[in-house]
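Structure at a glance
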Amino acid sequence: MRSLLSAALCAVLAATMWAGAAQAQTMRDQVRIVGSSTVFPFSSFVAEELGKTTSFRTPVVESTGSGGGHKLFGAGVGTETPDITNSSRRIKKSELEACYAHGMTSVVEALIGFDGIAIAQNSRNPDFKVSLEQLFLAVAEKVPSKGKLVANPFTNWKEIDPTLPNRKILIYGPPATSGTRDAFEELVMHKAVKAFPEYEQALGKEAKEYSAIRQDQAYVPSGENDNLIVQKLVQDKNAFGIFGYSFLDENKDRLKGAIVNGVKPDPKTVSSGEYPISRSLYFYVKADHIGKVPGLKEYVDLFMSEKMIGSRGLLKRIGLIPLPKDVLEKSRKDVTSLKRLDPASVK
């Protein structure tokens, strides 16, 4: 009799535990989003709109940086992992492969618009004109000197080129985990290094991907909150900041962007690619969570709508530079059909 009671009790406990586990898998009723600080204001706007105009709870959006977001997103499937990660660069092949290695069956890529990387300063300063090569020499860990590479000695912009202002080099920039940092390295460092043969002589084939940024007080990594960089520039006229164009646009009464290679950053020059530090913005969806997390599909559909990212979309008002019509239509089609992103198509 006692054994029968024990067996029955075990069965009840097992059923209770199973029910609890099943409930845990469905208990999250709020979309969770991580990733890029640059995409954060756009994602937050859409999240607030979803909360205001539907019965779904407002999604939680965290600014973790693109690299940090991809790491959290790629950890696996389940309610303890994010549903979406925002990114100010395209996902890396290694990051996508990690997603599939950790149990995801499909990751969907959403291209949403353009952004430029602004080299910003206090608006009370005169215009600042700089080339990619001069900018490279200001931030690189090692620079050419007498045919060799040496630790960066430059402390003043005028030391780099007499045509530059007599100002201390002080740059508040993104940390290594940031997609803005990745994009800066690709669009500035990898391009400008080609102008200096000393790197190829010293590093060989690795020279084309040289992106080591100095670690002294001339370049100060400033976390994932670009608003903190804005505050520093308002307080210090000598300083420069590196962040997404949208933050420059939001603060154009207090800041101005440097003219790079003779081109001033504005929506037209960024979308055309004329401004040399332009990039695309993305978010990535865990398709395995569609239908399991309430509001996820609705959030994605709202974000990709004409209302949000069309040529006259609401996100344009806060700095997003819209995609050309044909590019937007293709991106929207891929997202709404939940097209699986193939690692073979990613570098």
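What counts and how
- Residues numbered from 1 in each chain as written.
- Predicted model: local features only at pLDDT ≥ 70, side-chain atom pairs only at ≥ 80, totals over all residues.
- Heavy atoms only, no water.
- Domains from an automatic or database assignment.
- Contact = heavy atoms within 4.5 Å.
- Salt bridge = Lys/Arg side-chain N within 4 Å of Asp/Glu carboxyl O.
- Polar contact = N/O pair within 3.5 Å; in protein donor to acceptor, adjacent residues only side chain to side chain.
- Helix = DSSP H or I, 4+ residues; strand = E, 2+ residues; numbered from the N terminus.
- Nonpolar A, V, L, I, M, F, W, Y, C, P; charged D, E, K, R; others polar.

As annotated in an unreviewed UniProt entry, the protein chain carries the name Putative phosphate-binding protein and comes from Megalodesulfovibrio gigas.

1. Looking at the domain arrangement of the protein chain
Structurally, the protein chain comprises domain 1 (32–114 + 280–345) and domain 2 (116–278). For domain 1 and domain 2, the distance between their C-alpha centroids amounts to 28 Å. Tallying the contact residues gives 17 residues for domain 1 and 17 residues for domain 2. Our count for the contact surface shared by domain 1 and domain 2 stands at one salt bridge. Where Asp182 meets Arg89, a salt bridge forms, and the shortest distance between an N and an O atom there is 2.5 Å. Across the domain 1-domain 2 interface, the total number found is five residue pairs in polar contact (both at pLDDT 80 or more). Counting only elements with at least two residues in the side of domain 1 that touches domain 2, the list comes to helix H2 (40–53) and helix H3 (66–73). Element by element, the count of residues in the side of domain 1 that touches domain 2 is highest for H3, at three residues. Split into classes, the residues belonging to the side of domain 1 that touches domain 2 amount to five nonpolar, 10 polar and two charged.

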